[in-house]
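Working through the structure, step by step
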Amino acid sequence: MATSLFWLFSALAIFAAVMVVTSRLAIYSILWLVVLFFTISGHYILMNAQFLAIVNIIVYAGAIMVLFLFVVMLMNVNDPNDNKKSIGLAIFGGLATILFLLSILNIVFNAQHTTKEINDLATTSTGDIGLVQNLGMELFKNYVLPFEICGVLFLSAIIGAVTLGKR
Amino acid sequence: MNAIIIASLGAIILMLTNLFFRKRSKLLSVFALLVVILLIVFNTLEGQGLLFFYPASLNSAFFQFSNFTYLFNNVLILTFLIYILLNKNYLLLINPDHSADIYALLFFVMTGCFLLTSYNNLLSLFLGIEIMTIPLYVLAGMDKKNQKSNEASLKYFLLGAFSTCILLMGITLLYGATGSFALNPFNTLNTTKLLGQVGMLFIFFALLFKVGVAPFHFWVPDVYDGTPNVFTAFMATIVKVVVIIALLNFINALTPNCIGKSYKTIVLFVIISTLAIGNFSALSQPNVKRMMAYSSIAQAGFMLLALYALNDLATQGILIYAIVYSLSTLTIFAILNKFSLATFSDFNGLAKSQPLMACFLTVALLSLTGIPLTGGFFAKYYMLSATFFSGGKYALPLVIICLIFAGISAVYYLKVIQAMYFTTPPVTSDHASITIQPLATLEKSILLLVVIAILFLGIFPSIVTQWLYF
């Protein structure tokens, strides 16, 4: 069951990702991106990381994508003729992408062949580090220093956003 | 640890000063200078073993402080002090409503810098890079009415976000190979797997992207050109140097054989292409600010020699190079602040109208070229001899190539000096006097000290390097 769900989510994720890139209208791209986030949340749930799954949906699909939609609607970038790319760019971009994909695939398959514990690379429905309780303990015990530093990071981002946003 | 905490607290307090200080209040820069002095005191005290903030036992998992870290932090803080002293009037002018925010963002960048000099964990590396760059995106676009500043900010943000993606991907792959974020040799020694190697390469390239060296340099000229002068000075000195130190930490922690035999070849390629592109492009630039952008690419190429050599001499060399390069570049930018456009012809006859300014500029430019008796000579000397003694069959050819490019760099640096001393000012001399403002007294005295420091380092470089061993 879990394995078939894993493959289902994976196939859906790849399909959605391809659709994000190939859609002509920006709105469709964004909606496909939402689908992508949901499939990734599905993966998180399979890995027993419910908290991460929920946060992923709330933050990415909820907040950020709504922001994207608003920006696209306000800026009115709906004309499909706007995003015509030059052929040279398409060729070199495609070449670079294919090379990158091949090298990444090579890495992944190599990793599978060299390690015996292949099952450890993609375990489903085991492990409990992703549960809220354990995540909290980990975050406030072992990772409390980076956690606090994250606060500084967000504060600087907020100050930056306010500074740029204010007239 | 003290420096990290004081810098972030200072940023938060400076942010709140908007409530109390009037607009363009001089008190703001006084307050910022106070925080900087506190930083120096606390960082030095921590170097002597006096910690004020000690997150019990968590320290070593994420940060590692060595003698070099404290010394380099002090160098950064002193550079920052000089930066504020030279630019404080311009920092208040650039966006009067937000001068307190500007100072807060600058201190946040410093926090990120301190994280990057001491990180021992990929998590802290990522946080350091982010804390350092996110305020910079904002600072680049601070001159909101200027189209070029907006463009620079957006470009910097998009490319910075892209390189952060690569960094994250690298960290993920490395985590997949080792199962840990820790960056110690025990953890990474057995990373001969392809997964880990590619992860390391991704992190390496992402950091090179942040430095802005050759195959990843395309954003540098536009961003440096569009950003307001004061922030270009900051980006080209402190930030650039810190990322190189972060790279050095990363490679040192890994014991370079982990990346594989190709490591030295990659660094060799990066250094030579950086020197070639930086120097040849700088030759044909219309204005001095853009020339400085390309020259900073070329200088970064010299600093990367430390990544090739990876020995004690290189550690001393990068320290001296960082100091001398930062001081010279800050001097040049402090003088560029006085120009409205700074094309080469604006410098015509500067030696007659502003002799002191021309003198300071000459010393700084000669130091960047690497003429003996200036600090730049010993900076280049240390880097090249470190490369030479690192051995390997490519060491000698690399040194020779670097020397050739150092010679080429003299052409565009001396072009400015030639314009200042050997060209008569344009016939409409009142035009020149309008666009060039004179130096203020404080700036004069600070620049005098900086120039003396550059010359002093050109005679006694050991005054700095000896601190590494005490």
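Turning to the interface of chain A and chain B, a few remarks are in order. Taken together, the 26 residues of chain A in the interface contact 33 residues of chain B. Between chain A and chain B, the buried area comes to about 2500 Å², and carbon and sulfur atoms account for 87% of it. Considering only the surface of chain A that becomes buried against chain B, Ile-107, Leu-145 and Thr-163 of chain A emerge as the three largest contributors, covering 22% of it. Applying the counting criterion to the chain A and chain B interface returns zero salt bridges. On inspection of chain A and its partner chain B, the count reaches two residue pairs in polar contact (both at pLDDT 80 or more). If you list the elements that add at least two residues to the side of chain A that touches chain B, you get α4 (87-114) and α7 (144-165) of chain A. Sort the elements by how many residues they give to the side of chain A that touches chain B and α7 of chain A lands first, with 14 residues. Its residues placed into classes, the side of chain A that touches chain B shows 16 nonpolar, seven polar and three charged.

Attention shifts here to the pattern of salt bridges. All names here are of chain B. All told, the structure shown has six salt bridges over all chains when counted by the stated rule. We note a salt bridge from Asp-222 to Lys-155, for which the minimum N-O separation is 2.8 Å. Remark: Lys-155 occurs in helix α7 (residues 147-178) and Asp-222 occurs in helix α10 (residues 219-226); sequence separation between them is 67 residues. Judged by relative accessible area, Asp-222 falls into the partly exposed class, the value being 27%. Among the salt bridges present, the one from Arg-290 reaches Asp-222, with a minimum N-O distance of 3.3 Å.

Attention shifts here to the environment of Leu-136 of chain B. Residue and element names in this part refer to chain B. Take Leu-136: it is sitting in helix α6 (residues 122-140). For Leu-136, a relative accessible area of 0% puts it in the buried group. Once the C-alpha coordinates of Leu-136 and Leu-45 are considered, the two residues, 91 residues apart in sequence, prove to be 29 Å apart. Leaving out residues up to four positions away in the same chain, Leu-136 has contacts with Val-109, Tyr-156, Phe-234, Met-235 and Val-239.

Helix packing geometry: the angle between the two helix axes and the distance between the axes. Residue and element names in this part refer to chain B. Contact geometry of helix α15 (residues 312-336) with helix α21 (residues 441-457) gives a least axis separation of 10 Å together with a crossing angle of 150°. As judged from the angle between their axes, α15 and α21 are roughly antiparallel. Crossing hand, α15 versus α21: left-handed. On α21, the residues that touch Ile-323, Val-324, Leu-327, Ser-328, Thr-331, Ala-334 and Ile-335 of α15 are Leu-447, Val-450, Ala-453, Ile-454 and Leu-457.

All names here are of chain A. Segmentation of chain A into domains returns domain 1 (2-77 + 86-131) and domain 2 (132-167). Of the roughly 460 Å² buried at the junction of domain 1 and domain 2 (both faces included), carbon and sulfur atoms supply 62%. Together, Phe-51, Ile-129 and Leu-131 form the three largest contributors to the area buried by domain 1 at its contact with domain 2, with a combined 85%. At the junction of domain 1 and domain 2, the tally comes to zero salt bridges. Counting across the interface, domain 1 meets domain 2 through three residue pairs in polar contact (both at pLDDT 80 or more). Taken together, the residues of the side of domain 1 that touches domain 2 sort by class into three nonpolar, one polar and one charged.

What counts, and at which threshold
- Residues numbered from 1 in each chain as written.
- Chains lettered and ligands numbered in written order.
- Predicted model: local features only at pLDDT ≥ 70, side-chain atom pairs only at ≥ 80, totals over all residues.
- Heavy atoms only, no water.
- Contact = heavy atoms within 4.5 Å.
- Buried area = accessible area lost by both parts, 1.4 Å probe.
- Salt bridge = Lys/Arg side-chain N within 4 Å of Asp/Glu carboxyl O.
- Polar contact = N/O pair within 3.5 Å; in protein donor to acceptor, adjacent residues only side chain to side chain.
- Helix = DSSP H or I, 4+ residues; strand = E, 2+ residues; numbered from the N terminus.
- Nonpolar A, V, L, I, M, F, W, Y, C, P; charged D, E, K, R; others polar.
- Buried < 20%, exposed > 50% of the residue type's maximum accessible area, 1.4 Å probe, protein only.
- Axes fitted to C-alpha atoms, helices over the stretch in contact; angles between N-to-C directions.
- Parallel < 35°, antiparallel > 145°, perpendicular 65-115°, else oblique.
- Left-handed = near helix turned anticlockwise from the far one by under 90°.
- Domains from an automatic or database assignment.

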